[in-house]
Amino acid sequence: MFDIDRIAKLAALNIEPDERAALEHDMAEIVAMVGGLPECDGSLLYGNGGITELRDDCAENSGCTHEELMANAPETVGGCFGVPKTVEC
């Protein structure tokens, strides 16, 4: 039903041979559960009377100066927060 070896390769998982049957069973249960979820066209989420209202996307002044905000940065680069590189190109 599922190509466990391909899934393991794509997910960079090391799956032992004795774990494959249990994993295939678990995946079948997950697919069955997802297949049983009701369809949702999004009308409940957005639009008239929706249960989720989106807020306006607007900037608000926190009252802090740039210098105060940058004082908490472990590293700054060109006046901005410096973050470690996580993906090598």
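Residues numbered from 1 in each chain as written. Predicted model: local features only at pLDDT ≥ 70, side-chain atom pairs only at ≥ 80, totals over all residues. Heavy atoms only, no water.

Thoughts on the confidence of the model for the protein chain
Here comes step 1: Averaged over the protein chain, the pLDDT score is 83; the fraction of residues at 70 or greater is 83%.
Here comes step 2: Mean pLDDT values for the elements of the protein chain range from 88 in helix α1 (residues 4-10) up to 92 in helix α2 (residues 20-35). (pLDDT = per-residue confidence, 0-100. Helix = DSSP H or I, 4+ residues; strand = E, 2+ residues; numbered from the N terminus.)

Observations concerning a nonpolar patch on the surface
Here comes step 1: A cluster of nonpolar residues, Ile30, Met33, Val34 and Leu37, forms a patch on the protein surface that exposes about 390 Å² of accessible area.
Here comes step 2: Its location among the elements puts Leu37 in the loop between α2 and α3 (66-70). (Patch = residues over 30% accessible without salt bridge, like charges linked within 9 Å, V, L, I, M, F, W, Y side chains within 5 Å. Areas by Shrake-Rupley, 256 points an atom, 1.4 Å probe, with all protein chains shown as cover. Salt bridge = Lys/Arg side-chain N within 4 Å of Asp/Glu carboxyl O.)

Some details on the environment of Ala28
Here comes step 1: Positionally, Ala28 belongs in helix α2.
Here comes step 2: For Ala28, a relative accessible area of 27% gives the class partly exposed.
Here comes step 3: Here the alpha-carbon distance between Ala28 and Met1, two residues 27 residues apart in the chain, equals 8.1 Å.
Here comes step 4: Among residues more than four places away in sequence, those in contact with Ala28 are Met1 and Phe2. (Buried < 20%, exposed > 50% of the residue type's maximum accessible area, 1.4 Å probe, protein only. Contact = heavy atoms within 4.5 Å.)

Considerations on the pattern of salt bridges
Here comes step 1: In this structure the tally under the stated criterion is one salt bridge.
Here comes step 2: The salt bridge partner of Arg20 is Asp5, with a shortest N-O separation of 2.5 Å. Separated by 15 residues along the polypeptide, Arg20 in helix α2 and Asp5 in helix α1 bring together distant segments of the chain.
Here comes step 3: Relative accessible area serves as the criterion here: at 46%, Asp5 is assigned to the partly exposed category.

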